[in-house]
Amino acid sequence: MKYLKDIKELKGVRVLVRLDLNVPVRGGSVTDDFRIRKILPTIKYLQDRQAKIILMSHIGDGEAKASLFPVAEHFKKLEIDCVYVQDYKKVLQNNDKIILLENLRVYDGEMQNDKAFAKELASLGDIYVNEAFAVSHRHHASVSAITEFIPSYAGLLFEEEVRHLKATFKPEHPFLFIIGGAKFETKIPLIEKFLKIADKVFVGGALANNFYKERGVEIGKSLVSPEHFDLDRFAGNPKLELPVDEVWKNDAILDVGPKTVSILREEVKKAKHILWNGPLGLYEQGFKEPTLSLAKMIAEATKHGAKSILGGGDTLAVIAELGMEDHFTFVSTGGGAMLEFLATGTLPGIEALEKSEA
Ligand code: 3PG
């Protein structure tokens, strides 16, 4: 894989940068700009070296065909003077301003990983930089096929994401892995993998309900992934820890209880390396105190020298609410990409960069 930071001369070079600007927008304004702020150093790096910068991204899931115009406006608030170009075919070769292309998912070719579309995009730049780790689990044209047509590099943040997440495969010990949220089927490979690497794997959120269900513990109407998972292989594993008490409402488990928070406090204090993805309770409906306490505990441990790696959309919302983004070793911009990278050690976007000989 080639890296942006290793390119010696960028003056006048047209650098086509794939970002993940899939940020929440309400009433025409960006409501959480974490992902935007994380790529500002890359833009500054390119500006300082007098590159010609063309930014591209998706926003939304493809169905709604949302616009990146509010993001272009937000860039201006951050003093990034950028021109929003609705039709990529109209990009001028000699534009000295930063260009932001419209949502790539308005074109069918993007999500189909269409080669002809990728080639057209590639023609806009002299080199391509993947600075969109968070979307690199997708086989999409601007992440994958494009690398066949243009010299391709990993961006500064991309490199950092991979480095920090990879470090959890060879962690310092004691290593504590905390996983919460829902969608058991997407997280079981991670639980399985990290039971081999970590000293403790704490499973919270709705994920714990699947374990309770398999063990015949009463869970009422609690959220649970409906499939049957063979969890016998985890029985008696001393590394696996579940909540010991819960908060119930309307016959459903919605959060962990105070005894569980105390146990977590002790585990976090002992740990030298902590990996956390997913809230402990139904955060978006206000069941958030234990999750907020956990974030503060991990921030405190980080202050005392522990390494802390966090990620996932809901986890980011927690940290944003506390204004604590800078209190951890590394906060990943990835949601699905982070989970897939942790489970498999690679992503389609990484493989595309590795294969790229262009
Ligand atoms: C994300 O928000 O995780 C990325 O932008 C990927 O978005 P997607 O799940 O719509 O592909």
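Definitions and limits used
Residues numbered from 1 in each chain as written. Predicted model: local features only at pLDDT ≥ 70, side-chain atom pairs only at ≥ 80, totals over all residues. Heavy atoms only, no water. Helix = DSSP H or I, 4+ residues; strand = E, 2+ residues; numbered from the N terminus. Rg over C-alpha atoms; globule rule 2.2 N^0.38 Å. Buried < 20%, exposed > 50% of the residue type's maximum accessible area, 1.4 Å probe, protein only. Contact = heavy atoms within 4.5 Å. Areas by Shrake-Rupley, 256 points an atom, 1.4 Å probe, with all protein chains shown as cover. Lys, Arg positive; Asp, Glu negative; His and termini not counted. Charge placed at Lys NZ, Arg CZ, Asp CG, Glu CD. Pairing = 2+ DSSP bridges. Axes fitted to C-alpha atoms, helices over the stretch in contact; angles between N-to-C directions. Domains from an automatic or database assignment. Buried area = accessible area lost by both parts, 1.4 Å probe.

Comments concerning the overall build of the protein
Line of reasoning, step 1. Counting secondary structure elements, the protein contains 12 helices and 16 strands.
Line of reasoning, step 2. Expected size for 358 residues packed as a compact globule is a radius of gyration near 21 Å; at 22 Å, the protein falls within 12% of this value.
Line of reasoning, step 3. Seen through its C-alpha atoms, the protein measures out along the principal axes to roughly 65 × 40 × 35 Å.
Line of reasoning, step 4. Scored against the burial criterion, the 358 residues of the protein give a buried share of 54%.
Line of reasoning, step 5. Within the protein, contacts between residues separated by at least 24 positions form 74% of all contacts whose residues are at least 6 apart in sequence.
Line of reasoning, step 6. Surface accessibility of the protein: about 15900 Å² in total, with carbon and sulfur atoms responsible for 50%.
Line of reasoning, step 7. Within the protein, the 51 negative side-chain charges are centred at a point lying 3 Å from the centre of the 47 positive side-chain charges.

Examining the sheet that holds strand E8 (residues 152-154)
Line of reasoning, step 1. Across the sheet, six strands lie side by side as E5-E6-E4-E1-E7-E8; this open sheet has parallel pairing. A strand with exactly one partner marks an edge of an open sheet, and here the two such strands are strand E5 (82-85) and E8. Neighbour-to-neighbour, the strand axes of the sheet open up by a mean angle of 25°, direction not taken into account.
Line of reasoning, step 2. With five bridges joining them, strand E1 (residues 14-19) and strand E7 (residues 127-131) adopt parallel strand pairing. Bridging from a neighbouring strand, Arg18 pairs with Asn130 of E7.

Thoughts on the domain arrangement of the protein
Line of reasoning, step 1. Segmenting the protein into domains produces domain 1 (4-154) and domain 2 (163-344).
Line of reasoning, step 2. The centre of domain 1, based on its C-alpha atoms, is set 32 Å off from the matching centre of domain 2.
Line of reasoning, step 3. Opposite the seven residues of domain 1 that make contact, domain 2 presents 14 residues.
Line of reasoning, step 4. Buried area between domain 1 and domain 2, summed over both chains or domains, comes out near 910 Å², and the portion from carbon and sulfur atoms is 64%.
Line of reasoning, step 5. For the domain 1 face of the interface with domain 2, the top three residues by lost area are Phe34, Phe133 and His137, together amounting to 59%.

Some remarks on the environment of Thr329
Line of reasoning, step 1. The topology assignment puts Thr329 in the loop between helix H10 (313-322) and strand E16 (330-331).
Line of reasoning, step 2. According to the relative accessible area criterion, Thr329 is partly exposed, its value standing at 32%.
Line of reasoning, step 3. A C-alpha to C-alpha distance of 8.4 Å links Thr329 and Leu310, two positions 19 residues apart in sequence.
Line of reasoning, step 4. Excluding residues within four positions of it along the chain, Thr329 makes contact with His164, Thr302, Ala306, Lys307, Ser308 and Ile309.

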